[in-house]
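Here is what each chain is made of, one letter per residue.
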Amino acid sequence: MHTIIERFRALRVEPDKHVTWAVGDAVMNKYVTEYGRQPPKELRPKTNTGGSHCFAVYPSTWAPIIDRIIRAHSAEMQRQGELF
């Protein structure tokens, strides 16, 4: 099982909260479209602070799907940054 943050780190992409939220929404929506329900959640340690949080977890087979969505959103954020 993978979280969105784990896939960001596997790709060596620095997880920025704006991108991670957008990627999380996109992946969750794709999952709901495919399975008709939200992905399962697990209580895991928070990413950058103490405590814990429920994170959506996706099957290992979803790693390539998540990676594609991360790359697409990361590229879009870079293009938008060039506009300012």
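Refer to the structure above for everything that follows.
Residues numbered from 1 in each chain as written. Predicted model: local features only at pLDDT ≥ 70, side-chain atom pairs only at ≥ 80, totals over all residues. Heavy atoms only, no water.

Visitor: Run through the side chain of Thr3, naming residues and quoting values.
Guide: Counting through the fold element by element, Thr3 comes out in the segment before α1 (4–10). If near-sequence neighbours (up to four positions away) are discounted, Thr3 is found in contact with Arg44, Phe55, Ala56 and Val57. (Helix = DSSP H or I, 4+ residues; strand = E, 2+ residues; numbered from the N terminus. Contact = heavy atoms within 4.5 Å.)

Visitor: Give a description of the packing of aromatic side chains that names residues and reports values.
Guide: Enumeration according to the criterion identifies five aromatic pairs in this entry. Relative to Tyr35, the ring of Tyr31 lies with its centre 4.5 Å away and its plane at 40°, an arrangement referred to as tilted. Of the two residues, Tyr31 and Tyr35 both sit in helix α2 (residues 17–35), four residues apart, roughly one turn of that helix. Given the relative accessible area of 4%, Tyr31 is considered buried. A network of ring pairs unites the aromatic residues Tyr31, Tyr35, Tyr58 and Trp62 as a single cluster. (Phe/Tyr/Trp six-rings, centres within 6.5 Å; stacked < 30°, edge-to-face > 60°. Buried < 20%, exposed > 50% of the residue type's maximum accessible area, 1.4 Å probe, protein only.)

Visitor: So what's going on with the pattern of salt bridges? Which residues, and what values?
Guide: Applying the stated rule across the entire model yields three salt bridges. The partner of Asp67 in a salt bridge is Arg7, with the nearest N and O atoms 2.8 Å apart. Here the residue Asp67 occupies a position in helix α3 (residues 63–81), and Arg7 occupies one in helix α1, the gap between them amounting to 60 residues. Pair check on accessibility: Asp67 and Arg7 agree, each one buried. For Glu42, the salt bridge is made with Arg44, and the minimal N-O distance between the two is 2.9 Å. By relative accessible area, which is 16% here, Arg44 ends up buried. (Salt bridge = Lys/Arg side-chain N within 4 Å of Asp/Glu carboxyl O.)

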